[in-house]
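# Notes for the structure review
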Amino acid sequence: KYPGCNVDYVHSIGDGTCRGGDYNTEECDWDGGDCIKFNEKYPGCNVDYVHSIGDGTCRGGDYNTEECDWDGGDCIKFNEKYPGCNV
C-alpha cells in the first residue's frame, strides 16, 4: 500500500495516531492520513513526536521553530526571556 514508505511499524500507518518523522511523509501518505490535521495546523513542522507540540513543555530544537509555532506556544515565554537562544 505504501511502497516507498520505510518505517519500522508499517501496521501503525492509518491507525488514528499521527506519529510524525518518517511516518509523516508523502511516501507514507502522511501516516495514512493520520497527520493531515497536524500538517494543516503546523505546515512545514517536521518533528518525530507530534504529540509533544503544545503539551506545556518547551522542547527547543526543531520544535521551537516558526513552522512548529514555537512548540505549539510552549516556548514563547522561553524565547521572550532568552531571545536568540537556540537549544
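Data block above holds the structure.
The structure contained in this document is the topic of the report that follows. From a predicted model like this one, the values you see are computed outputs, not experimental measurements. Position numbers for residues start from 1 in each chain and track the written sequence from start to end. It should be noted that, the model being predicted, local features are given only for residues of pLDDT at least 70 and side-chain atom pairs only at 80 or more, the latter also being counted only at that level, while totals for whole chains, interfaces and linings use all residues. Note that water and hydrogens are dropped before the side-chain values are worked out from all heavy atoms of the structure.

### Re the packing of aromatic side chains
Filter applied, for reference: Ring pairs shown here join Phe, Tyr and Trp side chains whose ring centres sit within 6.5 Å, with only the six-membered ring taken for Trp; geometry is labelled stacked below 30 degrees between planes, edge-to-face above 60, and tilted in between. Burial here depends on accessible area, computed with a 1.4 Å probe over protein chains only, as a share of the maximum for the residue type. Under 20% is buried, over 50% is exposed, and the range in between is partly exposed.
Taken as a whole, this structure holds two aromatic pairs when the rule is applied. With centroids separated by 5.2 Å and ring planes inclined at 45 degrees, the aromatic side chains of phenylalanine 38 and tyrosine 42 adopt a geometry described as tilted. Judged on exposure class, the residue phenylalanine 38 and its partner tyrosine 42 are both buried. Judged by centre distance (5.1 Å) and plane angle (45 degrees), the rings of phenylalanine 78 and tyrosine 82 are tilted. On the accessibility criterion, phenylalanine 78 (25% relative accessible area) is partly exposed.

### Digging into the environment of valine 50
Selection criterion: A run of DSSP states H or I qualifies as a helix once it reaches four residues; a run of E qualifies as a strand once it reaches two. Both are numbered from the N-terminal end. Should any heavy atoms of two residues lie within 4.5 Å, those residues are counted as being in contact.
Its location among the elements puts valine 50 in the loop between helix 2 (36–41) and helix 3 (69–72). A sequence separation of 33 residues divides valine 50 from threonine 17, and the C-alpha atoms of the two residues are 9.6 Å apart. Once residues lying within four places of it in the same chain are set aside, the contact partners of valine 50 are Cys18, Arg19, Gly20 and Phe38.

### Some words on the pattern of salt bridges
Basically, it comes down to this: Every case where a carboxyl oxygen of Asp or Glu lies within 4 Å of a side-chain nitrogen of Lys or Arg is listed as a salt bridge.
Counted by the stated rule, this structure contains two salt bridges. Between arginine 19 and aspartate 15 there is a salt bridge, with its nearest N and O atoms 2.9 Å apart. Among the residues examined, aspartate 15 registers a relative accessible area of 41% and is labelled partly exposed. A salt bridge links aspartate 55 to arginine 59; its shortest N-O distance comes to 3.0 Å. Residue class for arginine 59 comes out partly exposed when judged on its relative accessible area of 37%.

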